[in-house]
Amino acid sequence: MSISIKHIDQSRLAGVDFNNLPFGKICSDHMFVMDYKDGAWQEGKIVPLSNFSIHPANLTLHYGQSIFEGMKASADKGGTPLLFRLDQHVERINASADRMCMPNIPGDIFTSAIETLVDLDKGWIPPTAGSALYIRPYMFATDEFIGVRPSETYKFVIFTCPVGPYYAKPVSLLAADEFVRACDGGVGEAKTAGNYAASLYPARAAKEKGYDQVMWMDPVEFKYIQEVGTMNIFFIMDGKAYTPNLNGSILKGITRDSVIKIMQDRGIEVVEAPLSKDQVIEAYEAGMLQEVFGTGTAAVVSYVNKIAFGEKVLDIDPEAYEIGPYLKSYIERLRSGDQEDKFGWIQKVNQLQLAG
Ligand code: COI
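This is a predicted model, so every value here is computed, not measured.

Digging into a nonpolar patch on the surface
So, point 1. A contiguous nonpolar surface patch, about 330 Å² in accessible area, is contributed by Y63, I146 and V148.
So, point 2. Note on V148: relative accessible area 71%, which makes it exposed.

See the structure below:
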């Protein structure tokens, strides 16, 4: 697929301080845009990053028919951009699209759009360890109509942001006991805008109580752990790793899947099953709760240092963690080309695509 490119007149790259990258505030020079109408995707193009003009009746603004992905590009020592598990992101965005009645994006278009965009803006890949070029593909409804039905037109966009770590320090979690993120039959597994909008109020309440994030619990008994604001969650108890099983309400994290495979490869037993707060509290009381960490594209592997289940507060010391740091460094070394890619997760960006 050929993608037309309109280059920016004056790059903003020289003004970027790679040692000070607040997450998600700085965008690189170009973006990919592709419209869907008359039942088909139209030709995609790369243009300088610019604003959209939105009609007041735009369907997304009213009913939230919008989905997204989060990916990262890094570079090896020779400066070749590397992408991580691209195929999984294609699969997941299309699963989200199905759930939200949106058209699928053909894998070859998604892939060449990302490769071309990343190659064009590869100067924006931060050289600093732990930083990356965050890639945000997303799709939103563009019908100008305020009746409730799926849109007939959409915009698919990809833009990129050089980012540092999402969480600069260990996070504290407050287990939900009033608000819920997702329930059976809902949209918890879809990466759709509304899931994040609905999390804001409980997250603000948790912050007011002194916690960084909400740990979502099951919506019936508030007994079983689901996930954390922007991450899947893992507990190391008595040498084994425990994480809630994917049950339709939990985001199918690609980093989640990756750390499971890395741990299994290292001989660590991983239990994917419903995980109750009682199990975690019991392990804590017995001195067997060794590590708690979250995983996500933005968060990579982020350590948890405190969890409150109502009045019961568990303090855990990330300084003593071993498995979390091993996983974090494994993923970072994969991303810099310093770790053998035995799972075949890394894709080098084909630099020949940039003829146009
Ligand atoms: C990601 O980890 O890429 C996410 O999509 C989380 C985001 C809401 C920051």
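Things to note about the pattern of salt bridges
So, point 1. This structure, assessed with the given rule, holds 12 salt bridges.
So, point 2. Ionic pairing is found between E272 and R256, a salt bridge with its closest N-O pair at 2.7 Å. With a gap of 16 residues between them, E272 in strand 15 (residues 270–272) and R256 in helix 5 (residues 254–265) connect regions that are remote in the sequence.
So, point 3. Of the residues examined, R256 reaches a relative accessible area of 3% and is grouped as buried.
So, point 4. Across the salt bridge formed by K261 and D257, the nearest N and O atoms sit 2.8 Å from each other. Of the two residues, K261 and D257 are both situated in helix 5; the distance of 4 residues between them amounts to about one turn of the helix.
So, point 5. For K261, a relative accessible area of 32% puts it in the partly exposed group.
So, point 6. Through salt bridges with shared partners, a single network forms among R85, D257 and K261.

Thoughts on empty space enclosed by the protein
So, point 1. Going through the model one piece at a time under the given rule, you end up with 1 cavity of 30 Å³ or more.
So, point 2. Volume-wise, the largest cavity comes out at about 40 Å³.
So, point 3. Lining the largest cavity are R181, N195, Y196, S199, W216, E227 and G229.
So, point 4. In terms of residue count, helix 4 (residues 193–208) provides more of the lining of the largest cavity than any other element does, 3 residues in total.
So, point 5. Here the residues of the lining of the largest cavity are counted per class, giving 2 nonpolar, 3 polar and 2 charged.

Remarks on the layout of surface pockets
So, point 1. By volume, the largest pocket is sized at about 440 Å³.
So, point 2. Lining the largest pocket we find 26 residues, and of these F68, Y134, R136, K191 and A298 sit closest to its centre.
So, point 3. At the level of elements, strand 8 (132–141), strand 9 (154–163), strand 12 (225–228), helix 5 and strand 16 (289–296) are the ones that each hand at least two residues to the lining of the largest pocket.
So, point 4. Looking at the lining of the largest pocket, its residues break down into 12 nonpolar, 10 polar and 4 charged.

Overview of the site of the ligand
So, point 1. Every residue near the ligand is listed here: F68, G70, Y134, R136, Y166, K191, Y196, T297 and A298.
So, point 2. Within the side chain of K191, an N or O atom sits 2.7 Å from an oxygen atom of the ligand.
So, point 3. Given that more than half its atoms are within 2 Å of the pocket grid, the ligand belongs to the largest pocket.
So, point 4. Partitioned by chemical class, the residues of the shell around the ligand number 5 nonpolar, 2 polar and 2 charged.
So, point 5. Each of domain 1 (4–164) and domain 2 (171–321) contributes no fewer than three residues to the shell around the ligand.

Examining the confidence of the model for the chain
So, point 1. When pLDDT is averaged along the chain, the result is 96; 98% of the residues meet or exceed 70.
So, point 2. Between residues 352–356, whose pLDDT stays under 50, and residues either more than four places distant or in other chains, the model counts 9 contacts.

Digging into helix 2 (residues 86–99)
So, point 1. Between the first and last C-alpha of helix 2 there are 20 Å, a value that for 14 residues agrees with the 20 Å anticipated at 1.5 Å per step.
So, point 2. Turning to helix 2, its buried residues number three or more, namely L86, H89, V90, R92, I93, N94, S96 and A97.
So, point 3. Immediately beyond the C-terminal end of helix 2, within one or two residues, lies C101, with a positive phi of roughly 55°.

Reading guide: rules and limits
- Residues numbered from 1 in each chain as written.
- Predicted model: local features only at pLDDT ≥ 70, side-chain atom pairs only at ≥ 80, totals over all residues.
- Heavy atoms only, no water.
- Patch = residues over 30% accessible without salt bridge, like charges linked within 9 Å, V, L, I, M, F, W, Y side chains within 5 Å.
- Areas by Shrake-Rupley, 256 points an atom, 1.4 Å probe, with all protein chains shown as cover.
- Salt bridge = Lys/Arg side-chain N within 4 Å of Asp/Glu carboxyl O.
- Buried < 20%, exposed > 50% of the residue type's maximum accessible area, 1.4 Å probe, protein only.
- Helix = DSSP H or I, 4+ residues; strand = E, 2+ residues; numbered from the N terminus.
- 1 Å grid on protein atoms, 1.4 Å probe; cavity = no way out; pocket = protein on both sides within 12 Å on 5 of 7 lines; lining within 4 Å.
- Points joined across faces, edges and corners; volume = space filled by probe spheres on them.
- Nonpolar A, V, L, I, M, F, W, Y, C, P; charged D, E, K, R; others polar.
- Near = heavy atom within 4 Å.
- Polar contact = N/O pair within 3.5 Å; in protein donor to acceptor, adjacent residues only side chain to side chain.
- Sits in = over half its atoms within 2 Å of the grid points.
- Domains from an automatic or database assignment.
- pLDDT = per-residue confidence, 0-100.
- Contact = heavy atoms within 4.5 Å.
- Expected span 1.5 Å × (residues − 1).

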